[in-house]
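Remarks on the overall topology
What follows is the residue order along each chain.
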Amino acid sequence: FKSKLPAVGTTIFSQMSQLATEQQAINLSQGFPDFPASPKLVSALAQYSAQGLNQYAPMPGIAPLREQIAALIQRCYRRSVCAQQEVTVTSGATEALFVAISAIVSPGDEVIIFDPAYDSYAPAIALNGGKAVHIALTAPDYRVNWLQVADAVTARTKLIIVNSPHNPSGMVFSQQDWLALQQLVLAHNLFCISDEVYEHMVFDGAAQLSANGFSELAARSFIVSSFGKTFHVTGWKLGYCVAPPALTVEFRKIHQYVTFASFTPAQYAIADMLAQQRQQVSGLAAFYQQKRDSFAMLLANSRFNLLPCQGTYFQLADYSAISELDDVSFCRWLATEHKVAAIPLSVFYQTPPQSRIIRFCFAKQHDTLQAAAEALCQI
Ligand code: PMP
Ligand code: GLN
């Protein structure tokens, strides 16, 4: 038997969460909140199920949710999208990314991705016979050099995948980044997948920008987001993809055979939430900025050197003042000896740079962050 993904093992997120459980370590590795979702959202889910809404949803998602997604995009980015023809509800952003990549990539196509890259992109490209062309972003600011990207484009380049706010670095695209991306996509007739799952977590008053706000880019893009991040329910696996009608037709051809439709009661519950609690989404940035700042304050006396974080719920930390271990070994040591689990950065690179940097998730209750920081300050 010949594996189609010979280099792929178990994801680092599963590995580190398992190690955290085994070691009874505080888990700041895999990205998920340790506090409850809104009680209103949770009871809406139960109510819709009790009402009997337990059968297949329509393949593209229930109409009220697609309409709320279109309204959200209008509110945030002043773009009108057609809920019927341009919005598809998916089983998490992971499914949307896989389907969008499958819709675009044929054998031999090149796809530009930026390392450190979210771990699901490269396997999806490989399964479709494509070739991932990795461009490395580096500490401390992880910004894209668009001239370098232009140099990486060849006649085979079909797609570019961007992720802003960026997991794991917390880098956020500026207006200039989006304009440079748009120019590149148009100049070379590329397609774009814009992974915007952390779109509502942009800090320090910076503008919340999206591919939705750049019309010529949006005309060639699959824009992906996730309610798991926005409403603190990563386990519900509910997300969506926005793409122009012709691209949505191709997207749905695949979505309908990957999963057909997503979890029905959750779609109704999230639609209600979007209709009633608009401030919840707009308040998310302030909520996580406060967590970023208090985590940083708690670590002020540690020997970790924190890198800039403009968005997401991740904080990078340089540990070179503490240890010479490589980052995977350091994370194992940290979880085992100091009972705090984190994610090593090198696993997100094809060619890891010589740096000693790990990622902490700060989507945690204050007590969790405090207990973790206490342990980290003793190292
Ligand atoms: N993209 C990025 C950058 C992510 O961090 C995540 C969440 N881990 C996803 C996609 C997947 O989102 P979901 O859990 O909705 O599938
Ligand atoms: N997106 C989450 C993270 O970056 C993990 C998702 C997963 O476990 N696949 O930590």
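This one's a predicted model, so the numbers in the text were calculated from it and none came from an experiment.

What counts and what doesn't
Residues numbered from 1 in each chain as written. Chains lettered and ligands numbered in written order. Predicted model: local features only at pLDDT ≥ 70, side-chain atom pairs only at ≥ 80, totals over all residues. Pairing = 2+ DSSP bridges. Helix = DSSP H or I, 4+ residues; strand = E, 2+ residues; numbered from the N terminus. Near = placed C-beta within 6 Å. Nonpolar A, V, L, I, M, F, W, Y, C, P; charged D, E, K, R; others polar. Buried ≥ 20, exposed ≤ 12 C-beta atoms within 10 Å, placed from the backbone. pLDDT = per-residue confidence, 0-100. Expected span 1.5 Å × (residues − 1).

1. Quick look at the sheet that holds strand β12 (residues 343–344)
Hydrogen bonds between backbone atoms are what pair the strands of a sheet, whose relative direction is either parallel or antiparallel. What the 4 strands build is an open sheet, ordered β9-β10-β13-β12; its pairing is antiparallel. Strand pairing shows two members of the sheet lacking a second neighbour, β9 (305–306) and β12, which therefore form its edges. Two strands pair when backbone bridges link them, and β12 and strand β13 (residues 357–361) are joined in this way by 2 bridges, in the antiparallel orientation. Within β13, the residue paired with Pro-344 across the bridge is Ile-358.

2. A closer look at the site of ligand 1
With respect to spatial proximity, 14 residues lie near ligand 1, and among them Gly-92, Ala-93, Thr-94, Asn-167 and Ser-226 are the closest. Considering every element that reaches the shell around ligand 1, the biggest residue donor is helix α5 (residues 92–104), with 3 residues. A breakdown of the residues in the shell around ligand 1 according to their chemical character gives 3 nonpolar, 9 polar and 2 charged.

3. Points about the site of ligand 2
Taken together, Thr-11, Phe-13, Gln-30, Gly-31 and Asn-167 make up all the residues around ligand 2. Here the shell around ligand 2 is composed, by residue class, of 1 nonpolar, 4 polar and no charged.

4. Looking at the pairing of strand β7 (residues 221–226)
For β7, the buried fraction is high: 6 of the 6 residues fall into the buried class. Across the two faces of β7 the burial is the same, with Ser-221, Ile-223 and Ser-225 and Phe-222, Val-224 and Ser-226 all buried. Pairing of strand β6 (residues 191–195) with β7 involves 4 bridges; the strand directions are parallel. Bridge assignment links Ile-193 to a residue of β7, and that residue is Phe-222. Summarising the sheet, β7 and strand β8 (residues 239–242) pair through 4 bridges and their orientation is antiparallel. The partner of Ser-225 across the bridge, within β8, is Tyr-240.

5. Regarding the environment of Leu-284
Mapped onto the fold, Leu-284 is located in helix α14 (residues 284–298). Separated by 66 residues in the primary sequence, Leu-284 and Ala-218 place their C-alpha atoms 24 Å from one another.

6. Focus on the confidence of the model for the chain
This prediction gives the chain a mean pLDDT of 97; 99% of its residues lie at or above 70. Two numbers describe this predicted complex: its pTM, 0.98, and its ipTM, 0.98.

7. Topic: the pairing of β8
The alternating pattern of β8 places Gly-239 and Cys-241 and Tyr-240 and Val-242 on opposite faces, both of which are buried. Pairing between strand β2 (residues 87–90) and β8: 4 bridges, direction antiparallel. Along β8, the bridge assignment pairs Val-89 with Tyr-240.

8. Some thoughts on helix α11 (residues 245–258)
With 14 residues, α11 ought to run about 20 Å at 1.5 Å a step, and its terminal C-alpha atoms sit 20 Å apart, in line with that. Phi turns positive, to about 70 degrees, at Phe-260, one or two residues after α11.

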